[in-house]
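Spelled out, the chains give:
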Amino acid sequence: MTAALAGTSVLTTSMPWFSIFNNPAAAGSGPSDRVRVGVIGVGSRGRTLLLNLQELSESLNVEIAAVCDTWEDHYQRAIELTEGKAEAFYDYREMIDQVELDAVVIATPLHEHAHQTVDCLNAGLHVFCEKAMARHLDEVKDMYDAHKDSGNILLVGHQRLFNPVYLQAMEKIERGDIGPITMLRGWWHRNTAWVFYDDTGGRGTDLDRLRNWRFYDDYSAGMLTELGSHHFQVANWVLGNQPISVMGSGSINHFDDGREVYDNFALVFKYPKDIHFSYDCITSNRHNGMQVQVLGNDGTIELESNMWFEEFPDDPPSIEDLILSMMEQENEDIPIGGATWIPDGPIRLGGKYLSPEYTMNDTLLYLEGFINFIRKGEAPQKLTDEGYHASIWTLLAEEATKTGQEVFLPEDYII
Amino acid sequence: MNTRFHIIIPGIDDESGDRLFGAVKQEVNRIENKLSRFIPDSDVAMLNKKAANESVRADDEFFEIINACRFCWDITEGAFDPTLRPLMEYWKNRSEVDEADEKLISIKDNIGMEKVQIDSESKTIKFDSDGLEIDLGGFGKGYALEKVKYILEDASVKSAFISFGESSILALGEHPAGGSWKIGMNDYLNPGQSLHRFYVNGGSVSTSSNFFVSDNGRLKNHRHVIDPKIGQPVERCCSVSVSAESPVLAEMLSTAFLVSSDEVIYEVMNQYDHLEVIKVDYESGQGIVTEFEQKEADPMVQEDN
């Protein structure tokens, strides 16, 4: 599966973590070589992560040794999914005290990430935590510091970091195929009330705050942390830098049902070299779907649709001759007609596919990387830093929308 | 449509050019979404999916398209037949001919434009057999050019050159240097040389061939051209180019004439003014051109001369 990823030059620069697939850690098949993982939070995302880990269990000798969820349904579901083989807990502290683990995967509501991650790292465990990292800036920094102080791995679930399409795109960008980058544009547009659970008694009830936590300011920054952070990470990564500042605005203009988080927002990030990244999110119109465009002087890359477009593709010689004949006012016989021209490879609306491997499961690849890093005892620092910067700038973007100010990175959070 | 599209409008200002190009692109995409059998919810795909079991209601445009195909099938005595796709699939990976193969016989029994029932009152289409499929590959590019022509004429464009993958060309008005557009037919065995030239003034040239060209310069017999009379692919490497005022007529006739007898070609030519046809046979190692001339002198043409 990972053969397609091997041998590209960006492995050593933009995506050093990919080299783990060319040089995986030796995995013995005995019980003593087994990587033992606990899963904290088995909601919608946690379930996906758990299922992906199970796919790796034989090939990488991984065991889901423990599961944890405070919600009874999910607690029971976790037991079922692991066929009772994993020890089940309601409290993650008991889990990490009682079960011998190498690592945890955390997929709980955003406001729970920080203390769980810090506790696990300090308990000597490696951590894969879903994005975004935390609800508040100082918590993000605490997580990062705990990772540095403990020496344990901390990875954040921006799975595009392990997407083959992005790998191909980064290679193209670095090779200069689209020329100098002059702008980034991104958006995530959906038409949905975004209600995960509708049997909670409505907005504002205790149950709703617990289940539909994404709607409440105490627990989440809404689409900023839950959706946008993916693309903020991508922008940092493509530009090889974090922003200089962010400006923005947000509001609730359609789903005014008592939720506390925006149903639409628009942001402008300023980057070094005078490059801007404009990003917007809306939940009341899905026409535009989801996209990140990298605009260069010679081409455009559409990361989410696996496409690149040349700005000025070469014309066939006969067309060039015809244009020349018009400019020189010479009406000549030009051999311009004949059998149908067909492209050498697949093509779509003037663009070309970045990677033929676009159906690959990047979550699975990321977890595969995580397990290998655990065996080696360390992960590339750049990978953790990507997660850190994306999380910090997500929260700074929130601040920008709330204050109406241009927001810069406070010194305390420079790493 | 898996090819490239060029549009050249001499002397147009930037803003009008951008707007026109946007309109043309949108229209071509719209047509592709309607006529491509590769797009799951296109009109053609839906028809192919349902019409063997039920009468399918077509919108006005799609109904006219199917009617036009039927008309061309009629005047070319069956040479233009958009139902031959199952035979193309059959011959795709086969070189030996076994006339008695039951599968081949069954396919032949189940295709043919005569098995497409068109009801003008209810504007519905129904297939008489299960194995039938409509493929508008020999129609779509010409149709798109026809629509592009309206857009350009509406915008008062006096002169323009449009090439759809080189095989479907529309030339509006005159060449900016004056006179008809001199549209050369590329000689694939001597690339860059014209085998023949058409003088076009507000008209089109369409080429059908049983090979494609790509940037590597090689000719590939795609075995897409089936002779409906014998139900087998045309093996001789050849092409037909038709010049006509209407791009969609040129497209359909070039598709048909690749498998038509000379008699049928002459018969059709005598029904239309300003129709020019050439056949090019590459089999001998050089492109041999046969020009078909309208047998009965056309008074219009004589006046022009």
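Note on numbering: residues in each chain are counted from 1, in written sequence order. As a convention, the first chain written is A and the first ligand written is 1, with the rest following in written order. Local features are withheld for residues below a pLDDT of 70 in this predicted model, meaning they are given only at 70 or higher, and side-chain atom pairs are given and counted only at 80 or more; totals for whole chains, interfaces and linings count all residues. The basis for every side-chain value is the complete set of heavy atoms in the structure, and neither hydrogens nor water enter the calculation.

**Quick notes on the overall build of chain B**
Part 1 of the reasoning: Only DSSP runs of H or I reaching four residues or more are called helices, and only runs of E reaching two or more are called strands; each is numbered from the N terminus. Looking only at helices and strands, one finds nine helices and 16 strands in chain B.
Part 2 of the reasoning: Judged by the C-alpha coordinates and their principal axes, chain B covers about 60 × 45 × 45 Å.
Part 3 of the reasoning: Exposed residues in this analysis have more than 50% of their type's maximum accessible area, buried residues have under 20%, and partly exposed residues fall in between, with area computed by a 1.4 Å probe over protein chains only. Across the 305 residues in chain B, those meeting the buried criterion constitute 50%.
Part 4 of the reasoning: Should any heavy atoms of two residues lie within 4.5 Å, those residues are considered in contact. Excluding contacts between residues fewer than 6 apart, the proportion of contacts in chain B whose partners are at least 24 apart in sequence is 62%.
Part 5 of the reasoning: Only the protein chains shown count as covering a residue, and every accessible area follows the Shrake-Rupley method with a 1.4 Å probe. Carbon and sulfur atoms make up 45% of the accessible area of chain B, which totals about 14,400 Å².
Part 6 of the reasoning: Positive charges come from Lys and Arg, negative ones from Asp and Glu, while His and the chain ends are left out of the count. A charged residue contributes its charge at one atom only: NZ of Lys, CZ of Arg, CG of Asp or CD of Glu. Positive and negative side-chain charges of chain B, numbering 31 and 54 respectively, have mean locations separated by a distance of 5 Å.

**Some thoughts on the interface of chain B and chain A**
The accessible area lost on association of the parts is a frequent measure of interface size.
Part 1 of the reasoning: Between chain B and chain A, the residue contacts involve 40 residues of the former and 25 residues of the latter.
Part 2 of the reasoning: Two parts placed together each lose some accessible area under a 1.4 Å probe, and adding up what both lose gives the buried area. Of all residues in chain B, the largest losses of buried area upon contact with chain A belong to B:N2, B:I8 and B:K182, amounting jointly to 17% of the total for that side.
Part 3 of the reasoning: The working definition used for a salt bridge is a side-chain nitrogen of Lys or Arg within 4 Å of a carboxyl oxygen of Asp or Glu. Between the two partners, chain B and chain A, sit one salt bridge.
Part 4 of the reasoning: One salt bridge in this structure joins B:R197 and A:D333, with 3.0 Å as the shortest N-O distance.
Part 5 of the reasoning: Under the rule applied, a polar contact is a pair of N or O atoms within 3.5 Å (in protein, one hydrogen donor and one hydrogen acceptor; residues adjacent in sequence only if both atoms are side-chain atoms). In this assembly, chain B and chain A are joined by 16 residue pairs in polar contact (both at pLDDT 80 or more).
Part 6 of the reasoning: Looking at the side of chain B that touches chain A, the elements that each hand over two or more residues are β1 (5-8), β5 (160-164), β7 (181-186), β8 (194-200), β9 (203-209) and β10 (211-213) of chain B.
Part 7 of the reasoning: Per-element tally for the side of chain B that touches chain A: the top contributor is β7(B), with six residues.
Part 8 of the reasoning: Counted by class, the side of chain B that touches chain A contains 13 nonpolar, 20 polar and seven charged residues. Classes in brief: Ala, Val, Leu, Ile, Met, Phe, Trp, Tyr, Cys and Pro nonpolar; Asp, Glu, Lys and Arg charged; the others, Gly included, polar.

**Details of the environment of A:K148**
Part 1 of the reasoning: Within the secondary structure, A:K148 sits in helix α5 (residues 137-150).
Part 2 of the reasoning: As a C-alpha pair, A:K148 and A:L121 span 27 residues in sequence and 9.5 Å in three-dimensional space.

**Side note on the sheet that holds strand β3 (residues 116-119) of chain B**
Residue and element names in this part refer to chain B.
Part 1 of the reasoning: Here, a strand pair is defined by DSSP locating no fewer than two bridges between the strands. Spatially, the three strands line up as an open sheet ordered β2-β4-β3, and their pairing is antiparallel. Both edges of this open sheet fall to β2 (56-57) and β3, since each of them pairs with a single strand only.
Part 2 of the reasoning: Bridge analysis of β2 against strand β4 (residues 124-127) gives two bridges, and the strand direction is antiparallel. Counted as the bridge partner of R57 is T124 from β4.
Part 3 of the reasoning: Interaxial angle, 0 to 180 degrees, is taken between N-to-C directions of lines fitted to C-alpha atoms, where a helix line uses only the stretch in contact. Across the sheet, helix α3 (residues 60-75) touches β3 and β4, and the angle it forms with β3 is around 125°.

**So, helix α8 (residues 223-239) of chain A**
Residues and elements named next belong to chain A.
Part 1 of the reasoning: Helices are assigned an expected span. That span is 1.5 Å times one less than the residue count. Taking 1.5 Å of rise per residue, 17 residues should cover 24 Å, and α8 covers 23 Å from first to last C-alpha, within 8% of that figure.
Part 2 of the reasoning: Within α8, 17 of the 17 residues are buried, leaving the element largely enclosed by the surrounding structure.
Part 3 of the reasoning: Positive backbone phi, approximately 65°, marks G240, located one or two places after α8.

**Remarks on the pairing of strand β2 (residues 62-68) of chain A**
Residue and element names in this part refer to chain A.
Part 1 of the reasoning: Counting buried positions along β2 yields six of seven residues, so the element is predominantly enclosed.
Part 2 of the reasoning: Note: strand β1 (residues 35-40) against β2, six bridges, orientation parallel. Pairing of V39 across the sheet is with V67, part of β2.
Part 3 of the reasoning: A crossover links β1 with its parallel partner β2, the connecting element being helix α1 (residues 44-56), and its sense is right-handed.
Part 4 of the reasoning: Inspection of the sheet shows β2 paired to strand β3 (residues 87-89) by three bridges, in the parallel sense. Paired with A66 across the strands is E87, a residue of β3.
Part 5 of the reasoning: Look down the strands so they point away from you; if going from the first strand over the helix to the second traces a clockwise path, that crossover is right-handed. As a crossover connection, the stretch from β2 through helix α2 (residues 72-81) into β3 is right-handed.

**Observations concerning the packing of aromatic side chains**
Residue and element names in this part refer to chain A.
Part 1 of the reasoning: Between the rings of Phe, Tyr and Trp (Trp by its six-membered ring), a pair exists once the centres lie within 6.5 Å; its type follows the angle of the planes, with under 30 degrees stacked, over 60 edge-to-face, and the other angles tilted. On inspection of all chains with the given rule, the structure shows 24 aromatic pairs over all chains.
Part 2 of the reasoning: Taken together, a centroid distance of 6.5 Å and an interplanar angle of 65° make the contact between Y216 and Y219 edge-to-face.
Part 3 of the reasoning: Taking relative accessible area as the criterion, Y219 reaches 18% and is therefore assigned buried.
Part 4 of the reasoning: Pairwise contacts between aromatic rings join W17, F21, F128, F162, Y166, W237, Y366 and F370 into one cluster.
Part 5 of the reasoning: A ring is scored as having a charge over it whenever the NZ atom of a lysine or the CZ atom of an arginine sits within 6 Å of its centre and within 35 degrees of its normal. Its guanidinium or amino end placed over the ring of Y197, R211 lies 3.7 Å from that ring's centre, counting from NZ or CZ.

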